Amino acid sequence: ETLLIVPISALRTVHTVPNSISRIVGKITVHGLLAADLSLDTSGHRAPWRAALPTRQDILDSMPLMWDSPLQDLLPEGCQKLLAHQKKKLAADWAAVSKAFPKLSYDDYLYNWLLVNTRTFYYFDGKTKKQPPRDDCMALNPFADYFNHAPTGCNITYSPSGYKITTSTPISTGTEIYISYGSHSNDFLLTEYGFILPSSTNTWDEITLDPCILPLLNQAQKKKLEEKGFLGKYVLDGNEVCYRTQVVLRILVGGMRKWERFVEGMDDGESEQGKVDELLFEVLKEYQDDVVEKLATLEDLETEMVAQKKTIEKRWRQIGELLKAGIDRMES
């Protein structure tokens, strides 16, 4: 059953930004351009949509980019990497927009930049011969952006005529209707959208093991891993560690030649699996200790952002649960 149809004409895209804005701003990301359009838009026909958008206080409460530095510093590594990327993008976009529109305030632009960050849909109209970077394939999708996220939700389809949201299951009166924003960890959801899901709900949750593994590597090992495309991005989810983690642990427990044979698929690595498991156990236990330290630091931290502090504490506890589950599996 079709729940909602949003025609192309209702979208706010790079093509709907007035020339009076796009020509003056010059080279900028689509994200930055849409934020400029929102910041400068005073049109009456979009007023009802704007009135239903999250308030500035909503954005301040939920988005880590808006939080005080002491709280940002206590975010998990996965959040911090995403946050650093956000800050870099925002700085470049603001440099272009503030030069073109010097009377526009940074606070206004930041608010609208984060609205775009949290409310756009993937969009590519195919009008250009070369597909732009994925980060530039976005559009504001009025009304469809009211749906909240769940790991599984209604179906979203896109065609040249617009977006369609459908369901194949009955929906009771008064039941909230969800869509899925994608297969994302809670670190991603927190940094990009401003919320986290319960551990029991988010089957896609995972944590990075980089902070505990990268310091164990010497420069020669890092160089070899980078050459083979295996440096960094080591993760643990609710079921297991990723293959990349198996690869990096083997360079730490065995000789380089044997490691290369494993990477090239000429050795199944079974002879070293015991040592790999022992090292992985140590890594997970070390990370557990770090979680305890982070929670203690948060408890002692004095801040007016009490709700935000509780969110970070909740995320660290979720990380602790994932680590405990991984350790329990290895001990059983």
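Here's what I pulled together on the structure shown here. Here the residue numbers are simple positions, counted from 1 along each chain's written sequence. Predicted model: local features are reported for residues with pLDDT of at least 70 only, side-chain atom pairs are reported and counted for 80 or more only, and whole-chain, interface and lining totals are derived from all residues. Derived side-chain values reflect all non-hydrogen atoms in the structure, with water molecules and hydrogen atoms excluded from consideration.

**Points about the packing of aromatic side chains**
Here a pair means two rings of Phe, Tyr or Trp (six-membered ring of Trp) with centres within 6.5 Å. Their orientation is stacked below 30 degrees between planes, edge-to-face above 60, and tilted elsewhere. For the coordinates displayed, the defined rule picks out twelve aromatic pairs. Note on tyrosine 123 and tyrosine 158: the rings are 5.8 Å apart at their centroids and 85° apart in plane angle, and the pair reads as edge-to-face. Of this pair, tyrosine 123 sits in the loop between strand E2 (120–122) and strand E3 (138–140) while tyrosine 158 sits in strand E4 (residues 148–159); the two residues are 35 residues apart in sequence, bridging distant segments of the chain. Put simply, the rings of Phe121, Tyr123, Tyr158 and Tyr163 touch in pairs and so form one group of aromatic residues. Here a helix means four or more residues in a row that DSSP labels H or I, a strand means two or more in a row labelled E, and each is numbered from the N terminus.

**Examining the packing of helix H13 (residues 273–300) against helix H14 (residues 306–331)**
Axis definition: a line fitted to C-alpha atoms, limited for helices to the stretch in contact. Angles are taken between N-to-C directions and run from 0 to 180 degrees. Closest axis-to-axis distance for the H13/H14 pair is 9 Å, and the angle between their directions is 160°. On the basis of the axis angle, H13 is roughly antiparallel to H14. For the pair H13 and H14, the sense of crossing is left-handed. Three residue categories are used. Nonpolar comprises Ala, Val, Leu, Ile, Met, Phe, Trp, Tyr, Cys and Pro, charged comprises Asp, Glu, Lys and Arg, and polar comprises the others, including Gly. Grouping the amino acids of the contact of H13 with H14 by side-chain chemistry returns 13 nonpolar, three polar and ten charged. Relative orientations are named as follows: roughly parallel for angles under 35 degrees, roughly antiparallel for angles over 145 degrees, roughly perpendicular for angles from 65 to 115 degrees, and oblique for any other angle. Each helix crossing is assigned a hand: it is left-handed if the near helix lies turned anticlockwise from the far helix by less than a right angle, otherwise right-handed if that turn is clockwise.

**Comments concerning the layout of surface pockets**
Put plainly, a pocket is an open set of points on a 1 Å grid over the protein atoms alone with protein on both sides within 12 Å along at least five of seven lines, a cavity is a set where a 1.4 Å probe fits but cannot get out, and a lining residue has an atom within 4 Å of a point. Grid points are joined across faces, edges and corners, and a volume is the space filled by probe spheres set on the points. In this structure, the largest pocket occupies an estimated 1,100 Å³ of space. Lining the largest pocket are 41 residues, and of these Asn117, Thr120, Phe121, Tyr181 and Tyr193 sit closest to its centre. Counting residues per element, the lining of the largest pocket draws most heavily on E4, at five residues. A volume near 360 Å³ is recorded for the second largest pocket. Considered class by class, the residues forming the lining of the second largest pocket number four nonpolar, three polar and five charged.

**Quick notes on the sheet that holds strand E1 (residues 2–7)**
A pair of strands is labelled paired if DSSP reports no fewer than 2 bridges between them. Spatially, E1-E5-E4-E6 is the arrangement adopted by the four strands of the open sheet, whose pairing is mixed. Each edge of the open sheet is held by one strand with a lone partner, namely E1 and strand E6 (178–179). As paired elements, E4 and E6 share three bridges and run parallel to each other. What sits directly across from histidine 149, in E6, is isoleucine 179.

**Quick notes on unusual backbone geometry**
One non-glycine residue, phenylalanine 143, lies in positive phi territory at about 75°. Only protein chains enter the accessibility calculation, which uses a 1.4 Å probe; a residue is then buried when its area is under 20% of its type maximum, exposed when over 50%, and partly exposed in between. Judged by relative accessible area, phenylalanine 143 falls into the partly exposed class, the value being 47%. If you check the backbone angles, lysine 233 has positive phi at about 65° while not being a glycine. As for its position among the elements, lysine 233 is in the loop between helix H10 (219–228) and strand E8 (235–237).

**Some thoughts on H13**
With 28 residues, H13 should cover 40 Å at 1.5 Å per step; its first-to-last C-alpha distance of 41 Å lies within 8% of that length. Three or more residues of H13 are buried, namely Gln273, Val276, Leu279, Leu280, Val283, Leu284, Tyr287, Val291 and Leu298. Residues of H13 that are buried in the fold lie against helix H5 (69–72), strand E7 (206–208), helix H9 (210–213), E8, helix H11 (243–253) and H14. Working rule for helices: expected span equals 1.5 Å times residues minus one. Between two residues, a contact is recorded if the distance between any of their heavy atoms is within 4.5 Å.

**Here's the deal with the side chain of glutamate 192**
By secondary structure assignment, the location of glutamate 192 is in helix H8 (residues 186–193). Buried within the structure, glutamate 192 lacks any salt-bridge partner; its nearest side chain of opposite charge belongs to lysine 89, at an N-O separation of 6.5 Å. Polar contact criterion, stated in full: a pair of N or O atoms within 3.5 Å, where within protein one must be able to donate a hydrogen and the other to accept it, and residues adjacent in sequence count only if both atoms are side-chain atoms. There is a polar contact of 3.3 Å between the side chain of glutamate 192 and the side chain of glutamine 86. Discounting chain neighbours no more than four positions away, the residues touching glutamate 192 are Met63, Leu82, Gln86, Asn117 and Thr118. Here the positive residues are Lys and Arg and the negative ones are Asp and Glu; neither His nor the chain ends is included. Put simply, a salt bridge is a Lys or Arg side-chain nitrogen that is within 4 Å of an Asp or Glu carboxyl oxygen.

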